[in-house]
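Next come the chains, spelled out residue by residue.
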Amino acid sequence: MQHHQLVILGSGPAGYTAAIYAGRAGLSPVLYEGLQPGGQLTTTTEVENYPGFAEGIDANELMDAMRQQAVRFGADIRQAAAVRSDLSARPYHLWFDDSSELTCDALIIATGATAKYLGLADEDKYRGSGVSACATCDGFFYRNKTVAVVGGGDTACEEATYLAGLAAKVYLIVRKPFLRASQIMQERVLANTKIDVLFEHNTEGLYGTDGVEGAHVVHRKGEADERHYDLPIDGFFLAIGHKPNSDVFKPWVQTDATGYIITEGSSPRTGLPGVYAAGDVADPHYRQAIVAAGSGAKAAIEAEKYLGTLAGK
Ligand code: NDP
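Residues numbered from 1 in each chain as written. Predicted model: local features only at pLDDT ≥ 70, side-chain atom pairs only at ≥ 80, totals over all residues. Heavy atoms only, no water.

### Regarding the nonpolar core
Reasoning step 1: Within the largest apolar cluster, 34 residues are counted, with the highest numbers of intra-cluster contacts made by Leu6, Ile8, Tyr16, Leu41, Tyr50, Ala70 and Ile108.
Reasoning step 2: Broken down by element, this core gets its largest block of residues, 8 residues, from helix H7 (residues 289-310).
Reasoning step 3: With near-sequence residues (within four places) excluded, Leu6 lies in contact with Ala22, Leu27, Ser28, Pro29, Val30, Ala106, Leu107, Ile108, Ala303 and Leu307. (Core = buried A, V, L, I, M, F, W, Y, C linked by side-chain atoms within 4.5 Å. Buried < 20%, exposed > 50% of the residue type's maximum accessible area, 1.4 Å probe, protein only. Helix = DSSP H or I, 4+ residues; strand = E, 2+ residues; numbered from the N terminus. Contact = heavy atoms within 4.5 Å.)

### Here's the deal with the site of the ligand
Reasoning step 1: Neighbouring the ligand are 17 residues; Gly152, Asp154, Thr155, Arg180 and Arg287 lie closest to it.
Reasoning step 2: A distance of 3.1 Å separates a nitrogen atom of the ligand from a polar atom in the side chain of Glu158.
Reasoning step 3: Alone, the ligand offers 920 Å² of accessible surface; in the complex the protein occludes 75% of this.
Reasoning step 4: A class-by-class count of the residues in the shell around the ligand yields 3 nonpolar, 8 polar and 6 charged. (Near = heavy atom within 4 Å. Polar contact = N/O pair within 3.5 Å; in protein donor to acceptor, adjacent residues only side chain to side chain. Areas by Shrake-Rupley, 256 points an atom, 1.4 Å probe, with all protein chains shown as cover. Nonpolar A, V, L, I, M, F, W, Y, C, P; charged D, E, K, R; others polar.)

### Concerning the sheet that holds strand E11 (residues 146-150)
Reasoning step 1: Pairing within the open sheet is parallel, and its 5 strands lie in the order E10-E17-E11-E12-E13. Two strands lie at the open edges of the sheet, namely strand E10 (131-132) and strand E13 (195-198), each paired on one side alone. (Pairing = 2+ DSSP bridges.)

### Describing a nonpolar patch on the surface
Reasoning step 1: On the surface, Tyr286, Ile290 and Val291 cluster together into a nonpolar patch covering about 280 Å² of accessible area.
Reasoning step 2: Examined against the element boundaries, Val291 turns out to sit in helix H7.
Reasoning step 3: Residue class for Val291 comes out partly exposed when judged on its relative accessible area of 32%. (Patch = residues over 30% accessible without salt bridge, like charges linked within 9 Å, V, L, I, M, F, W, Y side chains within 5 Å. Salt bridge = Lys/Arg side-chain N within 4 Å of Asp/Glu carboxyl O.)

### Re helix H1 (residues 13-24)
Reasoning step 1: The end-to-end C-alpha distance of H1, which contains 12 residues, comes to 16 Å, matching closely the 16 Å that a straight helix rising 1.5 Å per residue would cover.
Reasoning step 2: By the criterion of burial, H1 is predominantly enclosed, with 10 of the 12 residues buried.
Reasoning step 3: Buried within H1 are the following residues: Pro13, Ala14, Gly15, Tyr16, Thr17, Ala18, Ala19, Ile20, Ala22 and Gly23.
Reasoning step 4: Backbone geometry just after H1 places Gly26 at a positive phi near 75 degrees. (Expected span 1.5 Å × (residues − 1).)

### Here's the deal with the packing of aromatic side chains
Reasoning step 1: Enumeration over the complete set of coordinates arrives at 4 aromatic pairs.
Reasoning step 2: Between Tyr50 and Phe53, the ring centres sit 6.3 Å apart and the planes meet at 40 degrees, which makes this aromatic pair tilted.
Reasoning step 3: By relative accessible area, which is 14% here, Tyr50 ends up buried.
Reasoning step 4: When the ring of Tyr142 is compared with that of Phe237, the centres are 5.4 Å apart and the planes differ by 80 degrees; the resulting orientation is edge-to-face. With Tyr142 in the loop between helix H4 (135-138) and E11 and Phe237 in strand E17 (residues 235-238), this pair connects stretches of sequence that are 95 residues apart.
Reasoning step 5: The positively charged end of Arg84 is found above the aromatic ring belonging to Trp95, 3.7 Å away from the centroid.
Reasoning step 6: One residue, Lys169, lies across the ring of Tyr171, its end atom 5.8 Å from the ring centre. (Phe/Tyr/Trp six-rings, centres within 6.5 Å; stacked < 30°, edge-to-face > 60°. Lys NZ or Arg CZ within 6 Å of the ring centre and 35° of its normal.)

Function cannot be inferred from these measures alone, as they are strictly geometric.
Structure (structure tokens):
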């Protein structure tokens, strides 16, 4: 079986930055890209808040550049996702979805987070034919059509604003009587004449013979004036938060109730020697590319120190 000193799982800003730092430190990192090469950022378009790009940068371009930088410093990048781990003792053992397995001395978990769905049977029924959790991936298909976005956070507002640039009409379905998003995002949404915010609304199902043609919604569920009606739409976009991709490691590392890996203070240390968590898988608060990149750098620096101690340096 192959053995490596450092394995990095994940190819978002955290994973690639860890690979750049580890590569420059001569650690010959092996990086597994996981299920979504380039990570969540590749599901957005323009990144305007990553420092160094005064005019913004295309998200895929940014991730490609990070990947190339990692390769330049010797990262061995592989296309597979971890499906099982045994971190009970070093060397740590990992199994992948291409049937390969390996052991390693140090591990950086940078597996990110995945979009959540409401849990309606109709979401599965219409996935790919009207249901999506990524406006920037699928918005193109709804040019001049009517769509709904579910959620009241920054993601929902961002997606609704993006879709309003393409679609004829956007409904933002919000379960509370207010938005949770930051002030600036709220203002953008409320000022957009193409967006109608449906406060105190929930979705109970979807309908349509050949893809989504509408949503069964309810206004003020459980109240005296509860009202059920059908909202004609062509696309239904989920933007209700994310689930951290930590299941594979849960037997070994501590997680919070949502599944975010708990690290020591502001460090990426998990409590297991040589095992670090970086990026969104360990970040319920900030979830920004720049923060993920920073934590990837920290994890690589920690791994370098740890491997140096192991080698008796
Ligand atoms: P949030 O957790 O902030 O918001 C989730 C939203 O979905 C809430 O409005 C929530 O409603 C709603 N929701 C959750 N479950 C359901 C459900 N079952 N039915 C209906 N509605 C539901 O997630 P986001 O992804 O929006 O943001 C996560 C983090 O990332 C935040 O810290 C955010 O600020 C940040 N972010 C920053 C961006 C930026 O700065 N450009 C862009 C995107 C995200 P309720 O309020 O009722 O709980």
